[in-house]
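Descriptive structure summary
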Amino acid sequence: MVVADHIIFHDAPIARDSGSNECVCSIELPDTTFPSHIIDILDASYKNLTHLSEQEIEKLIKIQIDITTYNKTLEDIVDRIRQIEMDGIKDETDYIDITRKIDQLKKIAEDLTVVLNRTDLGLQGLLDKVNNVSSMVWQLESFDENNVLVTHREMAILRKQLTNCEEAAGNPNFGFPSAGVMAPEFGKCDNKVLVNISKPFIVKLNWRGFSYKYGAWGKDFAVGTKNPETYWVAPLNTDERLMETYRLYNTYADLLLYRNQIEKSLSQYVGLTWNYIHCGQGSGTILYNGNFYYNCYNSRSLCKMNVATNEIKRKNIDGAVFNNWYSYNGINWQDFDFAGDEKGLWLIYSSERSKGKVIIGQLDPNTMNITKSWQTSLYKPTATGTFMICGVLYAIKRVSAHKEQVFYKYDTNTATEGALDISLEKLSDTPQSISYNPNDHKLYMYNDGYLVTYDVLFQRIPRRAKRSMAHKTEQNAVIAISKAYFSL
């Protein structure tokens, strides 16, 4: 049997020089074989460690009993000596009796010392054996290129989480006090207060592979869209700038299995050269009500493309900077970042006048005119990304290779801004794009080529109170909006 580190399937025919088409499957073989014999050694070591642990526990129980006896005897002697100090020794019998008890106490102390020394040696031996087993486990994991051991280790946790999720799906108040509370509705802004974000759920790698680290993906971000289950993936070319192709999937299962996809190219081959005028630039793209909105290549214009008819409309944004002038920190070419939430379609950008500070513009989806805009104090290059929820802009910044922080918000409803501190774990170093979807309360992140989702957690709402008001007696707690955190 041959075990492969990576198997890469090309689902499109690859043309050879001979003109024939053939499907290619490339396999990278590992340098070493999996040491299965170590599994047998570990099994025997586990049984031996279990037996030794039971023996040490029995010794410790006996030591605990002996120490209790020792303390009781010591207390009796101390009381007796205090009595003698007060009343004096009556006769020789009292003196001999107290001397005998002191000798007994000394003997118990010596025996305890011997036993404790032996126990210390036994525990040290047990610790050495545990370390040896740990070393073997580490060795196995170093050979475990497919993460088999790690997967088995996580399965038990996931099964428990799945059980909780199944119970939570049938009980909206699962895990919370029985006070009448309910989840905020999808597509509505009834006092939605962001309080936390779940751990990341890795959906899969983008279809073009590891080299295509920049891009965007998600579902249709418009509330009430006619195609709520349509998924799209738009990786940029390896230059990290050009959005030339994208794919649409009718269902989540199609996305996972790379099937029934619709793949389209935005470039055109005209006059013996490629024309990129209809291509996109940067990873700020979204699909909104059946239309792709993106930054037109090499311009300060917005593009709107109908995915059904391929019709493209353009709109110039006067004064807006472009061509990687004020992009996000560590993400190139994302001068225009689109967002769709419960309030509609948004554009996050900067201008020459704002000198790199973020401007929030509310767009008319039909004309792409900015109907209203808000100037913030957020310097765009300090953030690694932004997303909108109910007209509130949230910005994230890098903390470490595996952690971001939601550190800033701007509320367009009240024209106020403030600081936040909400952790956001990530799979890899750079979150190339992040967007919130009001139809499922999830964040969609394109993270170094991987498609990742998060569940957004809002403050819970009193069931009997008016939806627009928070009850004064209601406890400060949160609930997960999605039906389940994990999918297996």
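Residues numbered from 1 in each chain as written. Predicted model: local features only at pLDDT ≥ 70, side-chain atom pairs only at ≥ 80, totals over all residues. Heavy atoms only, no water.

Taken as a whole, the protein chain shows an average pLDDT of 79; of its residues, 70% reach a score of 70 or greater. Within the model, pLDDT remains below 50 along residues 1-32, and this stretch shows 41 contacts once partners closer than five positions in the same chain are excluded. (pLDDT = per-residue confidence, 0-100. Contact = heavy atoms within 4.5 Å.)

A surface patch of nonpolar side chains, about 280 Å² in accessible area, is lined by Ile57, Ile61 and Ile65. Summarising the element assignment, Ile61 is placed in helix 1 (residues 37-87). (Patch = residues over 30% accessible without salt bridge, like charges linked within 9 Å, V, L, I, M, F, W, Y side chains within 5 Å. Areas by Shrake-Rupley, 256 points an atom, 1.4 Å probe, with all protein chains shown as cover. Salt bridge = Lys/Arg side-chain N within 4 Å of Asp/Glu carboxyl O. Helix = DSSP H or I, 4+ residues; strand = E, 2+ residues; numbered from the N terminus.)

Below, the discussion takes up the pattern of salt bridges. Using the criterion set out here, one finds eleven salt bridges in the structure. Between Glu342 and Lys192 there is a salt bridge, and its shortest N-O distance comes to 2.8 Å. Highlighted residues: Glu342 in the loop between strand 20 (337-341) and strand 21 (344-349) and Lys192 in the loop between strand 5 (181-182) and strand 6 (194-197), separated in sequence by 150 residues. Residue Glu342 shares its accessibility class with Lys192, and that shared class is buried. What emerges from the salt-bridge pattern is a single network uniting Lys219, Glu229 and Asp440. (Buried < 20%, exposed > 50% of the residue type's maximum accessible area, 1.4 Å probe, protein only.)

So, about the state of the cysteines. Taken as a whole and assessed by the stated rule, the structure comprises two disulfides. The disulfide bridge from Cys296 ends at Cys303, spanning 2.0 Å between sulfur atoms. Between Cys296 and Cys303, the disulfide has an S-S torsion of 120° and is therefore right-handed. Comparing Cys296 with Cys303, the two get one shared label, buried. Bonded cysteines in the protein chain are paired 1-4, 2-3 when counted in the order they occur along the chain. A disulfide-free cysteine, Cys279 has its sulfur positioned 9.4 Å from the sulfur of Cys303, the nearest such atom. (Disulfide = S-S within 2.5 Å.)

With that settled, the discussion passes to the sheet that holds strand 27 (residues 416-425). Strands pair in a sheet through their backbones, by hydrogen bonds, and they do so in one of two ways: parallel or antiparallel. Strand order in this open sheet of four strands is 24-25-26-27, and the pairing throughout is antiparallel. The open sheet has two free edges, formed respectively by strand 24 (385-389) and strand 27, since each of these has just one partner strand. Strand-to-strand, the axes of this sheet are offset by a mean angle of 25°, without reference to chain direction. Taken together, the eight bridges between strand 26 (residues 403-411) and strand 27 define a ladder with antiparallel strand orientation. (Pairing = 2+ DSSP bridges. Axes fitted to C-alpha atoms, helices over the stretch in contact; angles between N-to-C directions.)

Our focus in this paragraph is the sheet that holds strand 22 (residues 357-363). Strand order in the open sheet made by the four strands is 20-21-22-23, with antiparallel pairing throughout. Pairing within the sheet leaves two strands with one partner each, and these edge strands are strand 20 and strand 23 (370-379). The mean angle between the axes of side-by-side strands here comes to 25°, regardless of whether they run parallel or antiparallel. Sheet analysis places strand 21 next to strand 22, joined by five bridges and oriented antiparallel. The partner of Leu347 across the bridge, within strand 22, is Gly361.

Before going further, it helps to examine unusual backbone geometry. Although it is not a glycine, Trp333 adopts a positive phi angle of roughly 70°. Checked against the element boundaries, Trp333 lands in the loop between strand 19 (312-316) and strand 20. For His441, which is not glycine, the phi torsion reads 55° and is therefore positive. Take His441: it is sitting in the loop between strand 28 (431-437) and strand 29 (442-447). We classify His441 as buried; its relative accessible area is 0%.

Our next topic: the packing of aromatic side chains. In the structure shown here, the tally under the stated rule is 18 aromatic pairs. Taking the centre distance of 6.4 Å and the plane angle of 65° together, the rings of Phe221 and Trp232 count as edge-to-face. Here Phe221 is found in the loop between strand 8 (215-219) and strand 9 (231-235), whereas its partner Trp232 is found in strand 9, with eleven residues between them in sequence. Note on accessibility: Phe221 and Trp232 belong to one class, buried. Relative to Tyr293, the ring of Tyr288 lies with its centre 6.3 Å away and its plane at 75°, an arrangement referred to as edge-to-face. (Phe/Tyr/Trp six-rings, centres within 6.5 Å; stacked < 30°, edge-to-face > 60°.)

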